[in-house]
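Commentary on secondary and tertiary structure
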Amino acid sequence: MRIKYLLSGRIFSDTYQLRRLIDSWPDEFNFPEIVQDIKSIKEEDIVITVGYLGFSSKLILNHNPQKVFIIDNPFFPTKGISNFRVLNGNLNSYLKVNPNNYYLNYYRQKIIQTATNLKKFELNNISNKSKLILELPWSLPLKRIINIKKNNYIKEFNNQTNLIKSQTSSTLIKFCKNGAAKYITKNNIPIFREYNNFKNLENFLVNSEYIFCPTSTLAYMGILLKKNTVITEFNPLYKYKKENINLKDYNEDKLVETLSKYLSSLNHSISDIYEHFEKV
């Protein structure tokens, strides 16, 4: 068994991500062997990759899911904190058992800041509250992989959201992430990105009765607002919602504390990844 790092085959992204990873790599661990040919990866190899495009998608679809470690952006990225989310080949997020108190305090502050900001929007939009259904899009690269790995899942999710739409008179708002991939090639390379003219996502959030958020991290805002937030098992907040089924009954302090602890567990350093390697 060897630990390898698979490039995605997208030059600009690979250059940026590899530099970023090297800069944050701790001295006590040797950097993995860098490979760009998926054929050079053996069945027993542990493989790190970034994102879900290019060769990374082929790795996710074909390698042992427990030996795949996908690096994705953290919640609240900031300079000076080299943390990120880590998923296995089944697109399930890894969680730390004992998050560091330093990071816990950081995420608590960010959650409180977001909650305070959302309250301001709520106070300014009392008369229009709960008149919308806000639909955030699937991550297209994730959607393609999910459709292959679990082909009926997306259909079932759409049936669930379509039923909700048919039972309410609320106006549907589709909100896309600026710069998100809209079309990707058969080789999982983005060729067209989408943009919207909407401003102040928070206005839509506070005025929503339902929020459909299949894969986006923005689901945490719906949770803070105690909205009817519909997500999939591929959303990084899925385990939080599953473990906190009565979160609508939480007071503000408990909601902030449980969500902060979860986000702290969801974000990893390189050293944290090695702890997971030992369990493979």
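All of the points below concern the structure found in this document. Since the structure is predicted, the reported quantities are computational estimates derived from the model, not experimental observations. (Residues numbered from 1 in each chain as written. Predicted model: local features only at pLDDT ≥ 70, side-chain atom pairs only at ≥ 80, totals over all residues. Heavy atoms only, no water.)

**Quick notes on the overall build of the protein chain**
Each helix and strand in the protein chain was counted, giving ten helices and twelve strands. A buried classification covers 49% of the 280 residues belonging to the protein chain. Here the analysis covers contacts within the protein chain between residues at least 6 apart in sequence; of these, 62% occur between residues at least 24 apart. As displayed, the protein chain offers around 15,100 Å² of accessible surface, 48% of which is attributable to carbon and sulfur atoms. (Helix = DSSP H or I, 4+ residues; strand = E, 2+ residues; numbered from the N terminus. Buried < 20%, exposed > 50% of the residue type's maximum accessible area, 1.4 Å probe, protein only. Contact = heavy atoms within 4.5 Å. Areas by Shrake-Rupley, 256 points an atom, 1.4 Å probe, with all protein chains shown as cover.)

**Considerations on the sheet that holds strand β7 (residues 171–174)**
Taking strand neighbours across the sheet as the criterion, the four strands line up as β7-β6-β10-β11 in an open arrangement whose pairing is parallel. A strand with exactly one partner marks an edge of an open sheet, and here the two such strands are β7 and β11 (228–230). Going across the sheet, the axis of each strand differs from the next one's by a mean of 20°, ignoring polarity. Alignment of strand β6 (residues 132–135) against strand β10 (residues 208–212), held across four bridges, turns out to be parallel. Paired with L134 across the strands is I211, a residue of β10. (Pairing = 2+ DSSP bridges. Axes fitted to C-alpha atoms, helices over the stretch in contact; angles between N-to-C directions.)

**A closer look at empty space enclosed by the protein**
A complete count under the given rule lists one cavity of 30 Å³ or more for this structure. Taken as a whole, the largest cavity encloses approximately 30 Å³ of empty space. Around the largest cavity, the lining residues are Y5, L6, L7, S8, S13, D14, Q17, T49, V50 and S56. Elements represented by at least two residues in the lining of the largest cavity include exactly β1 (3–6), α1 (11–24) and β3 (46–50). (1 Å grid on protein atoms, 1.4 Å probe; cavity = no way out; pocket = protein on both sides within 12 Å on 5 of 7 lines; lining within 4 Å. Points joined across faces, edges and corners; volume = space filled by probe spheres on them.)

**A few points about the pattern of salt bridges**
Summed over all chains, the structure comprises nine salt bridges. The salt bridge involving D23 is made with R19; its shortest N-O contact spans 2.9 Å. Here the residue D23 and the residue R19 both occupy positions in helix α1, the gap between them amounting to four residues, near one helical turn. Linking E257 and R108 is a salt bridge whose minimum nitrogen-to-oxygen distance equals 2.8 Å. With E257 in helix α9 (residues 252–266) and R108 in helix α3 (residues 101–123), this pair connects stretches of sequence that are 149 residues apart. (Salt bridge = Lys/Arg side-chain N within 4 Å of Asp/Glu carboxyl O.)

**Section: the nonpolar core**
Grouped together as the largest cluster of nonpolar side chains are 36 residues, with contacts concentrated most on Y220, L237, Y240 and L263. Every element with two or more residues in this core is listed here: α3, β6, α6 (201–206), α7 (219–224) and α9. In this structure Y220 touches F75, F76, I111, T114, L237 and L259, once residues within four positions along its chain are discounted. Counting residues in hydrophobic clusters, the runner-up holds 23 residues, among them V35, I133, Y153 and F157. (Core = buried A, V, L, I, M, F, W, Y, C linked by side-chain atoms within 4.5 Å.)

**A look at helix α10 (residues 270–277)**
Where burial is concerned, most of α10 is hidden: six out of the eight residues are buried. Taken as a whole, α10 has its buried residues at I270, D272, I273, Y274, H276 and F277. Along its buried surface, α10 packs onto β1, α1, β3, β4 (68–72), β5 (84–87) and β12 (267–268).

**Things to note about the sheet that holds β3**
Strand order in the open sheet made by the six strands is β2-β1-β3-β4-β5-β12, with mixed pairing throughout. Only two strands of the sheet have a single partner each, and these edge strands are β2 (33–35) and β12. Pairing between β3 and β4: four bridges, direction parallel. Within β4, the position partnered with V47 by the bridge is V68.

**Describing the packing of helix α2 (residues 55–62) against helix α4 (residues 140–149)**
Orientation of α2 relative to α4, taken along the N-to-C sense of each, is 25°, at an axis distance of 11 Å. In terms of orientation, α2 and α4 fall into the roughly parallel class. The hand of the α2/α4 crossing is right-handed. Residues S57, I60 and L61 of α2 form the contact with α4, whose own contacting residues are I145, I148 and K149. (Parallel < 35°, antiparallel > 145°, perpendicular 65-115°, else oblique. Left-handed = near helix turned anticlockwise from the far one by under 90°.)

Function-wise, these values are silent; they only describe arrangement.
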